[in-house]
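Fold and contact review
The residues making up each chain are set out below.
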Amino acid sequence: MQISKVEQYDFDVERRVKEMIAEYGYAQLCIDAPNSARPGFAFTVGLEHAHQTPELLAVGIAPQITAQLFAVCIEGHGKGTLDLASGNQCVSGLVQGCALGFRTAPPALVLKANAARPHRSQDIRALVQVLIPDDAGNFPGDPACDPSVAMAQDADWIVAETAN
């Protein structure tokens, strides 16, 4: 086999993050969990500076849905329907027919989010995880929550040590 051409992936993530923050007030970063049964996760960057609120985190939710959830939460915060700085809470009225849960993320998750941006590793000081309920309206952490919903949104795996 002979290689005739090598193409390089030349995408400057940090530049794109700055552009998104300038345009929207925040950027969403998605971290996939390739070759894993674990779901990926996404978080925002820029909310602390633009809105003086914790950044948002979602685990096990498709990036497109996460983008919509983050936008709804940020809009709700701007309208006074939601106070993202309040941490642990359940809020109705942001998504029609569905409550959203919010949980303050532990420091280990903040460190992990910062580690995803090694050149800007101190930008995030606080994270709030956005939780969606199961079909019965139960949130992860509630013993009645559907185990598959709870497991998909379990953020503990993000900071768990991995075996080599």
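Residues numbered from 1 in each chain as written. Predicted model: local features only at pLDDT ≥ 70, side-chain atom pairs only at ≥ 80, totals over all residues. Heavy atoms only, no water.

Quick notes on the packing of aromatic side chains
Selection criterion: Ring pairs shown here join Phe, Tyr and Trp side chains whose ring centres sit within 6.5 Å, with only the six-membered ring taken for Trp; geometry is labelled stacked below 30 degrees between planes, edge-to-face above 60, and tilted in between. Under the scheme applied here, a residue whose accessible area is under 20% of the maximum for its type counts as buried, over 50% as exposed, and between as partly exposed, the area being computed with a 1.4 Å probe on protein chains only. Put simply, DSSP H or I for four residues or longer makes a helix, DSSP E for two residues or longer makes a strand, and each gets a number counted from the N terminus.
Taken as a whole and judged by the stated rule, the model has two aromatic pairs. With 6.2 Å between their ring centres and 20 degrees between their planes, Phe41 and Phe43 make a pair best called stacked. Overall, Phe41 belongs to the buried group, its relative accessible area being 9%. Measuring from centroid to centroid gives 6.1 Å for Phe41 and Trp157, while their planes differ by 70 degrees, and the two rings are edge-to-face. Residue Phe41 is located in strand β2 (residues 41–45), and its partner Trp157 is located in helix α6 (residues 156–159); the two are separated by 116 residues in the primary sequence. An identical accessibility class is assigned to Phe41 and Trp157; each is buried.

Observations regarding the pattern of salt bridges
As a reminder, the rule being used: The salt bridge criterion pairs a side-chain nitrogen of Lys or Arg with a carboxyl oxygen of Asp or Glu, the two atoms within 4 Å.
Evaluation of the coordinates by the stated rule reveals four salt bridges. For Arg15, the salt bridge goes to Glu19, with nearest N and O atoms at 3.7 Å. Residue Arg15 and its partner Glu19 are both found in helix α1 (residues 13–24); the two are separated by four residues, about one turn of the helix. Taking relative accessible area as the criterion, Glu19 reaches 35% and is therefore assigned partly exposed. Note that Glu75 is salt-bridged to Lys79, the shortest N-O span being 2.9 Å. One end of the pair is Glu75 and the other is Lys79, both in helix α3 (residues 63–79) and four residues apart, which spans about a single turn. For Glu75, a relative accessible area of 45% gives the class partly exposed. Taking the relative accessible area as the measure of exposure, Lys79 reaches 63% and is therefore exposed. Counted as one network, the salt bridges with shared partners bring together Arg15, Arg16 and Glu19.

A word on the confidence of the model for the protein
What counts here: Summary of the metric used: pLDDT quantifies the predictor's per-residue confidence within the range 0 to 100. Throughout, a contact is declared for two residues whenever any of their heavy atoms are within 4.5 Å.
When pLDDT is averaged along the protein, the result is 85, and 84% of the positions lie at 70 or above. Confidence, expressed as mean pLDDT per element, reaches its minimum in the protein at α6 with 81 and its maximum at strand β6 (residues 127–131) with 96. Throughout residues 1–9 the model reports pLDDT below 50, and contacts reaching past four residues in sequence, or to other chains, amount to zero contacts.

A short note on the environment of His51
Mapped onto the elements, His51 comes out in helix α2 (residues 47–51). Remark: the alpha-carbon pair of His51 and His77, spanning 26 residues in sequence, is separated by 8.8 Å. Each residue touching His51, except ones within four places of it in the same chain, is listed here: Ile74 and His77.

Describing the pairing of β2
What counts, and what does not: Between any two strands, pairing holds if DSSP finds at least two bridges.
The element β2 is extensively covered by neighbouring structure, given that five of its five residues are classed as buried. Side chains of β2 alternate between two faces, with Phe41, Phe43 and Val45 and Ala42 and Thr44 buried alike. Sheet topology note: the strand β1 (residues 27–31)/β2 ladder contains five bridges and is antiparallel. Among the inter-strand pairings, Gln28 is bridged to a residue of β2, identified as Thr44. Here β2 runs beside strand β3 (residues 55–59); their pairing, made up of three bridges, is antiparallel. Within β3, the position partnered with Phe43 by the bridge is Leu57.

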